[in-house]
Amino acid sequence: MYNRHAGQHGDPTPVYGGGGGGGMGYSAPSYSYSSGPSSGAPAYSPPPQYNMDFDNDDKTMKTSNSSKTLNNNIIMWACFFTVSMFVFFLMSGKDFSFLMTYGSMSRTFGFGILNFKMHFGGKKAAGVSLKTLQLYVIVFAMRLSSIIRHEGYLPYDKTGDWLYHLIEFLSLGFSISAVYGCTVRFGRSYQSSQDSFGEMNVPPGCGALFLAVPTLLLAMFIHPTLNKDWLSDVAWTYAMYLESVALVPQLFMFQKAVGGIVEMLTAHFVFALGLGRALEFIFWFHSYQELVNNSGSASPGYIALFSQIIQALLLIDFYWYYFKAVKNSTPMVLPQHGGLSNLV
């Protein structure tokens with residue numbers, strides 16, 4: 001029962017319960033807001049700042065993940081450059097033509113990254129252009145059909161005896177394995193709707209013909225004759241021309257990605273292919289005069305240089321955003337402006 005007269009006798013605290021001297025009662029606790037101790041009254045303290053702790057933990061986790069990603073990138077590329085230097089000093093005789101082998105090694109490294117991503121890492125084919133893979137299968141097959149039978153386009157150093165052939169065989173095997181991953185093993189994750197380059201007046205999935213056929217015709221009419229064999233010379237030239245545009249479907253697919261986000265292993269794959277072509281460009285810039293036809297014209301050499309310049313121009317934007325992502329250990333994000341998306 002509530003004693004409504006309690007406040008009239010100087011006791012500010014209402015009493016609940018028995019009301020008399022012997023009854024059990026409950027007195028509401030009083031709180032002290034002073035900084036000093038008070039007798040019998042608990043001191044007030046502010047609630048703990050949980051949000052600040054969570055924010056700090058989140059920042060620490062992000063920093064840790066970024067450092068781990070950066071370390072993995074450094075280790076991966078450091079291993080590649082270490083193997084490259086080993087081959088240069090111990091197997092090539094330090095000849096300038098090693099740049100051809102070095103470029104081939106970079107392509108193999110790139111396809112090795114892609115196969116790791118597909119078959120052992122994410123176990124998916126999302127973000128990978130099947131058209132680009134198909135074009136590279138043609139590139140490696142054509143180049144091998146030329147260098148196995150003739151020596152006109154081989155590096156001059158010792159790597160041209162057998163190592164260059166082995167590296168090209170590995171690249172062909174890796175590219176076929178990647179095609180298998182996109183079409184069979186991880187076919188359900190392959191994004192055919194985004195890999196839509198050249199899908200005009202051709203059967204679905206055959207858009208790469210818009211790149212494969214014109215470059216073949218160009219190679220048939222303009223090619224060097226170092227092998228003195230028409231089929232062999234055309235095959236090597238076709239590989240050179242086709243490789244210059246083989247990445248176009250992949251770059252086109254990047255533009256179609258949601259938010260422009262590119263998975264870093266796929267970005268490493270494309271960068272390694274571009275690096276390989278840059279190394280070969282340095283070699284042919286000093287040696288293009290050797291790419292002459294039967295009449296002695298250097299036009300095949302000029303076209304070979306021009307084709308490699310075209311590829312470098314196509315990759316300029318990609319290189320910039322790739323270096324930013326690697327430097328900051330963040331996902332690679334490409335701007336979704338028109339670009340290649342408006343070409344077809």
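Residues numbered from 1 in each chain as written. Predicted model: local features only at pLDDT ≥ 70, side-chain atom pairs only at ≥ 80, totals over all residues. Heavy atoms only, no water.

Trainee: What am I meant to see in the overall build of the protein here?
Mentor: The helix and strand tally for the protein stands at ten helices and four strands. Shown N-terminal to C-terminal, the secondary structure of the protein runs as helices and strands in the order β-β-α-α-α-α-α-α-α-β-α-α-α-β. When each of the 344 residues of the protein is scored for burial, the buried share is 43%. Element-wise, carbon and sulfur atoms account for 65% of the exposed surface of the protein, whose accessible area totals about 18,500 Å². (Helix = DSSP H or I, 4+ residues; strand = E, 2+ residues; numbered from the N terminus. Buried < 20%, exposed > 50% of the residue type's maximum accessible area, 1.4 Å probe, protein only. Areas by Shrake-Rupley, 256 points an atom, 1.4 Å probe, with all protein chains shown as cover.)

Trainee: Looking at this structure, how should I read the nonpolar core?
Mentor: Soluble globular proteins tend to bury their nonpolar side chains together. Membership of the largest hydrophobic core comes to 78 residues, with the highest contact counts inside it found for Trp77, Leu133, Phe318, Tyr322 and Met332. The contacts of Met332, once residues within four sequence positions are left out, are Gly260, Ile261, Val262, Met264, Ala267, Phe318, Tyr321, Tyr322 and Ala325. (Core = buried A, V, L, I, M, F, W, Y, C linked by side-chain atoms within 4.5 Å. Contact = heavy atoms within 4.5 Å.)

Trainee: So what exactly am I meant to see when it comes to the environment of Pro214 here?
Mentor: Looking at the element boundaries, Pro214 is found in helix 5 (residues 209–221). With a relative accessible area of 45%, Pro214 lands in the partly exposed category. Separated by 24 residues in sequence, Pro214 and Tyr238 place their C-alpha atoms 10.0 Å apart.

Trainee: Explanation requested: a nonpolar patch on the surface in the structure shown.
Mentor: Nonpolar side chains collect at one region of the surface, where Leu209, Val213, Leu216, Leu217, Met220, Phe221, Trp230 and Leu231 lie side by side and expose about 800 Å² of accessible area between them. Residue assignment for the nonpolar patch shows that the elements contributing at least two residues are helix 5 and helix 6 (230–245). With six residues, the single largest contributor to the nonpolar patch is helix 5. Note on placement: Leu216 falls in helix 5. For Leu216, a relative accessible area of 31% gives the class partly exposed. (Patch = residues over 30% accessible without salt bridge, like charges linked within 9 Å, V, L, I, M, F, W, Y side chains within 5 Å. Salt bridge = Lys/Arg side-chain N within 4 Å of Asp/Glu carboxyl O.)

Trainee: I'm lost on the confidence of the model for the protein in this one. Help?
Mentor: In low-pLDDT regions, the fine details of the predicted coordinates are not to be read closely. Confidence along the protein averages 84 in pLDDT terms, with 77% of residues attaining 70 or more. The least confident element of the protein, judged by mean pLDDT, is strand 1 (residues 16–17) at 46; the most confident is helix 3 (residues 130–147) at 98. Below pLDDT 50 for its whole length, residues 1–27 participates in 18 contacts with residues either more than four positions away or in separate chains. With pLDDT under 50 throughout, residues 31–39 is counted as low confidence; its partners more than four residues away or in other chains account for seven contacts. (pLDDT = per-residue confidence, 0-100.)

Trainee: Help me understand the packing of aromatic side chains in this model?
Mentor: For any pair of aromatic rings, the description rests on two quantities: the centre-to-centre distance and the angle between the ring planes. Within the structure shown, the criterion is met by 30 aromatic pairs. Centroid distance Trp236 to Trp284: 5.7 Å. Interplanar angle 70°. Geometry classified as edge-to-face. Of this pair, Trp236 sits in helix 6 while Trp284 sits in helix 8 (residues 264–287), and the two are 48 residues apart along the sequence. The class for Trp236 is buried, based on a relative accessible area of 5%. Ring geometry for Phe254 against Phe318: centres 6.0 Å apart, planes inclined by 10°, an arrangement best described as stacked. Highlighted residues: Phe254 in helix 7 (residues 248–256) and Phe318 in helix 10 (residues 316–328), separated in sequence by 64 residues. Assigned by exposure class, Phe254 and Phe318 land together as buried. (Phe/Tyr/Trp six-rings, centres within 6.5 Å; stacked < 30°, edge-to-face > 60°.)

Trainee: Mind showing me how you'd approach unusual backbone geometry here?
Mentor: Where the residue is not glycine, phi is negative for most of them; where a peptide bond is considered, it is trans in most cases. We note that Lys94 has phi near 60°; this positive angle belongs to a residue other than glycine. With respect to the element layout, Lys94 can be found in the loop between helix 1 (50–91) and helix 2 (98–121). When its relative accessible area of 52% is taken as the criterion, Lys94 is described as exposed. Of note, Ser329 is a non-glycine position whose phi angle comes to about 55°, a positive value. By secondary structure assignment, the location of Ser329 is in the loop between helix 10 and strand 4 (332–333).

Trainee: I would appreciate a short explanation of empty space enclosed by the protein in the present structure.
Mentor: It is the rolling of a water-molecule-sized probe over the atoms that shows where space remains empty. Per the stated rule, a full pass over the model turns up four cavities of 30 Å³ or more. At the level of secondary structure, the elements contributing two or more residues to the lining of the largest cavity comprise helix 6 and helix 8. Taken as a whole, the second largest cavity encloses approximately 40 Å³ of empty space. In terms of lining, the second largest cavity is formed by Met100, Gly152, Tyr153, Leu154, Tyr156, Leu226, Phe283, Trp284 and Glu290. (1 Å grid on protein atoms, 1.4 Å probe; cavity = no way out; pocket = protein on both sides within 12 Å on 5 of 7 lines; lining within 4 Å. Points joined across faces, edges and corners; volume = space filled by probe spheres on them.)

Trainee: Help me understand the pattern of salt bridges in this model?
Mentor: When their charged atoms lie close together, side chains carrying opposite charge are able to pair. A complete count under the given rule lists ten salt bridges for this structure. Of the charged contacts, one joins Arg107 and Glu243 as a salt bridge, the two residues approaching to 3.3 Å between their closest N and O atoms. Pair noted here: Arg107 is in helix 2 and Glu243 is in helix 6, with a separation of 136 residues, a long-range link. Here Arg107 falls in the buried class, since its relative accessible area comes to 0%. Among the residues examined, Glu243 registers a relative accessible area of 0% and is labelled buried. For Asp229, the salt bridge goes to Arg149, with nearest N and O atoms at 3.7 Å. You can see Asp229 sitting in the loop between helix 5 and helix 6 and its partner Arg149 sitting in the loop between helix 3 and helix 4 (163–185), a full 80 residues away along the chain. By relative accessible area, Asp229 is classed as partly exposed at 23%. Connected through shared salt-bridge partners, Arg107, Arg143, Glu168, Glu243, Arg277 and Glu280 make up one network.

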